[in-house]
Amino acid sequence: MKVNVLLIGLNKTFISSLERADTDYQVFLLEEEKLFKNNPYHNKILKEVRYGDYQQSEGFMEQAIRWHKEVGFDVVVPGSDYAVRGAYKFAEKIGLLTPGERAVKACTNKYELRKECKNLGIPHPNFSKVKNIHDVKAFFKGSKIVVKPANRRASVGVIGIETIEDIESAWKECIEADENVFIADRDFNWEYIVEDYIDGYEVSIETIVAEGKPIFHNITYKETTKGKYFVEIGHTVPAPISQEDSNMLIAAKEQLLSGLEVKAGLFHSEWKMSSEGPKLIECAARTPGDYIPVLIEQAYGFNINDAFLKVLQQKMVSHPPTRNQYITAIRYFNPKPGRLIKIEGLEIFDILPQITNYEINLKVGQNIHQMTNSWSRLGYYSIKCKTLNELNQIINQVEEHVKFIVE
């Protein structure tokens, strides 16, 4: 029997992962017209695409209700951050299970999340909502801070500030940040916060919740660019960290989920492990990006997106694995800015069996700019190994052989 999935907001990795599930899914996609026409996609399980406004809008709602009467959706999920509120509001309207209103509100606005953390005792950076440059200056006390939109995604507009002189340009860049072809052509309401910069290593925790209880956790180790921007350029699954740190992180995540009264779903949260312990940076009520679900599937033999849909249908996932069989990773290329002359050493990707995929979105003659957010990344390669030592050897080989020659 086919399971009808309404996906609001295109997520290609999500759809392709459902092809590998043990359930017979068919996907119906609701997308902003401009976005889909700029980035069309076809898949054998993608049955139909319709257009509707969902980014800070409920303009899609009436059409989705009519569509549900025609098809009968079994589960509704967001494909991206900007679809979370609309997707779950529609799911609730047609009587389907959602993570819960409190969780959805907190996981779609960083300011709302910070307020919840304060009330629930979840460690987090010192923060403040800001509306202008004077608010940012009032918050700055001489140590590094971060200014960011409270309701954007993909590190867009997230800027580090180290000196009082940095504030004016950082604020201007933050409020003028644009997502170009990745966002609809209409006015949006953006909110902003500032917070203390937290030193320490960074991880994300991917958690499946069924009937109010976490049934699966994965911790992903993250690498980001340094300095003014915080673009994610590497993920390793599972994170090679101590058991003590792992226990603290999972305990903090479970405290957060319990406090937000989560009913069911998939939650991707990002944390800094500081000298004082874990501190929450953000949390999303959706499938993670950056191919993390693929890394989890390869590492554990567990399709996390299939589990995501099952718990929302109240079909319990039987005994998710607690141990990984492989260690997997993705690394994003980070070439120096300049005009690309050539790329050397790409043949290594066809020689090493541990390389599972790679993609380069660059052409000779193209100008390479500094990465400022996830949309500006230029390609990646992914790896699957038996041991961490083997993984590190493969990464070193790639870095030694693949060279971006720029002028």
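See the structure above.
Residues numbered from 1 in each chain as written. Predicted model: local features only at pLDDT ≥ 70, side-chain atom pairs only at ≥ 80, totals over all residues. Heavy atoms only, no water.

Focus on the sheet that holds strand 3 (residues 46–51)
Part 1 of the argument: Taken in spatial order, the four strands make up an open sheet running 3-2-1-4, and their pairing is parallel. Two strands in the sheet have a free side with no partner beyond their single neighbour: strand 3 and strand 4 (75–78). Here the strands of the sheet are splayed against their neighbours by 20 degrees on average, with no regard to which way each runs.
Part 2 of the argument: Here strand 1 (residues 3–8) pairs with strand 4 via four bridges, running parallel. Within strand 4, the residue paired with Val5 across the bridge is Val75.
Part 3 of the argument: Packed on one face of the sheet, helix 3 (residues 61–71) meets strand 1, strand 2 (25–31) and strand 3 and runs near 155 degrees to strand 3.
Part 4 of the argument: Across the face of the sheet, helix 11 (residues 304–312) comes into contact with strand 1, strand 2 and strand 4 while running at roughly 130 degrees to strand 4. (Pairing = 2+ DSSP bridges. Helix = DSSP H or I, 4+ residues; strand = E, 2+ residues; numbered from the N terminus. Axes fitted to C-alpha atoms, helices over the stretch in contact; angles between N-to-C directions. Contact = heavy atoms within 4.5 Å.)

Some details on the pairing of strand 15 (residues 338–344)
Part 1 of the argument: In this sheet, strand 17 (residues 367–368) lies alongside strand 15 in antiparallel orientation, the contact comprising two bridges. Counted as the bridge partner of Gly338 is Ile368 from strand 17.
Part 2 of the argument: In this structure, strand 15 lies alongside strand 19 (residues 403–406), joined through four bridges in antiparallel fashion. The residue bridging Leu340 from the neighbouring strand is Val406, located in strand 19.

Some words on the pattern of salt bridges
Part 1 of the argument: A complete count under the given rule lists 29 salt bridges for this structure.
Part 2 of the argument: Put simply, Asp22, Asp306 and Lys310 are held in one network by salt bridges that share partners. (Salt bridge = Lys/Arg side-chain N within 4 Å of Asp/Glu carboxyl O.)

Structural notes on the nonpolar core
Part 1 of the argument: Membership of the largest hydrophobic core comes to 89 residues, with the highest contact counts inside it found for Val77, Phe267 and Trp271.
Part 2 of the argument: Top element by residues in this core is helix 11. It accounts for six residues.
Part 3 of the argument: What Val77 contacts, discounting residues up to four positions off in sequence, is Val5, Leu6, Leu7, Ile8, Phe14, Ala87, Phe308, Leu309 and Leu312. (Core = buried A, V, L, I, M, F, W, Y, C linked by side-chain atoms within 4.5 Å. Buried < 20%, exposed > 50% of the residue type's maximum accessible area, 1.4 Å probe, protein only.)

Examining unusual backbone geometry
Part 1 of the argument: With omega at -10 degrees, the peptide bond leading from Val237 into Pro238 counts as cis.
Part 2 of the argument: Position of Pro238 relative to the elements: it lies in the loop between strand 11 (232–237) and helix 9 (243–259).
Part 3 of the argument: For Ser155, which is not glycine, the phi torsion reads 65 degrees and is therefore positive.
Part 4 of the argument: Secondary-structure assignment places Ser155 in the loop between strand 6 (145–149) and strand 7 (159–161).
Part 5 of the argument: Not every positive phi belongs to a glycine, and Glu211 is a case in point at roughly 50 degrees.

A word on the sheet that holds strand 17
Part 1 of the argument: Sheet architecture is open: three strands sit in the order 17-15-19, paired in antiparallel fashion. Only two strands of the sheet have a single partner each, and these edge strands are strand 17 and strand 19.

Some points on the side chain of Asn11
Part 1 of the argument: You can see Asn11 is positioned in the loop between strand 1 and helix 1 (12–19).
Part 2 of the argument: A relative accessible area of 14% places Asn11 in the buried class.

Quick word on the packing of helix 1 against helix 11
Part 1 of the argument: At their nearest, the axes of helix 1 and helix 11 sit 8 Å apart, and the two run at 85 degrees to each other. The angle between the axes of helix 1 and helix 11 places the two elements in the roughly perpendicular class. Residues Phe14, Ser17 and Leu18 of helix 1 form the contact with helix 11, whose own contacting residues are Asn305, Asp306, Phe308 and Leu309.
Part 2 of the argument: Class assignment of the residues belonging to the contact of helix 1 with helix 11 gives a composition of four nonpolar, two polar and one charged. (Parallel < 35°, antiparallel > 145°, perpendicular 65-115°, else oblique. Nonpolar A, V, L, I, M, F, W, Y, C, P; charged D, E, K, R; others polar.)

As for the environment of Ala252
Part 1 of the argument: With respect to the element layout, Ala252 can be found in helix 9.
Part 2 of the argument: C-alpha separation for the pair Ala252 and Pro278, spaced 26 residues apart in sequence, amounts to 7.4 Å.
Part 3 of the argument: Not counting residues up to four positions away in its chain, the partners in contact with Ala252 are Ile122, Trp271 and Pro278.

Description of the packing of aromatic side chains
Part 1 of the argument: On inspection of all chains with the given rule, the structure shows 22 aromatic pairs.
Part 2 of the argument: Ring centres 6.0 Å apart and planes at 25 degrees place the aromatic pair Tyr197 and Phe230 in the stacked group. Of this pair, Tyr197 sits in the loop between strand 8 (192–196) and strand 9 (201–210) while Phe230 is found in the loop between strand 10 (213–224) and strand 11, placing the two residues 33 residues apart along the sequence.
Part 3 of the argument: Relative accessible area serves as the criterion here: at 19%, Phe230 is assigned to the buried category.
Part 4 of the argument: Ring plane angle 20 degrees and centroid distance 4.4 Å describe the contact between Phe349 and Tyr358, whose orientation is recorded as stacked.
Part 5 of the argument: On the accessibility criterion, Tyr358 (30% relative accessible area) is partly exposed. (Phe/Tyr/Trp six-rings, centres within 6.5 Å; stacked < 30°, edge-to-face > 60°.)

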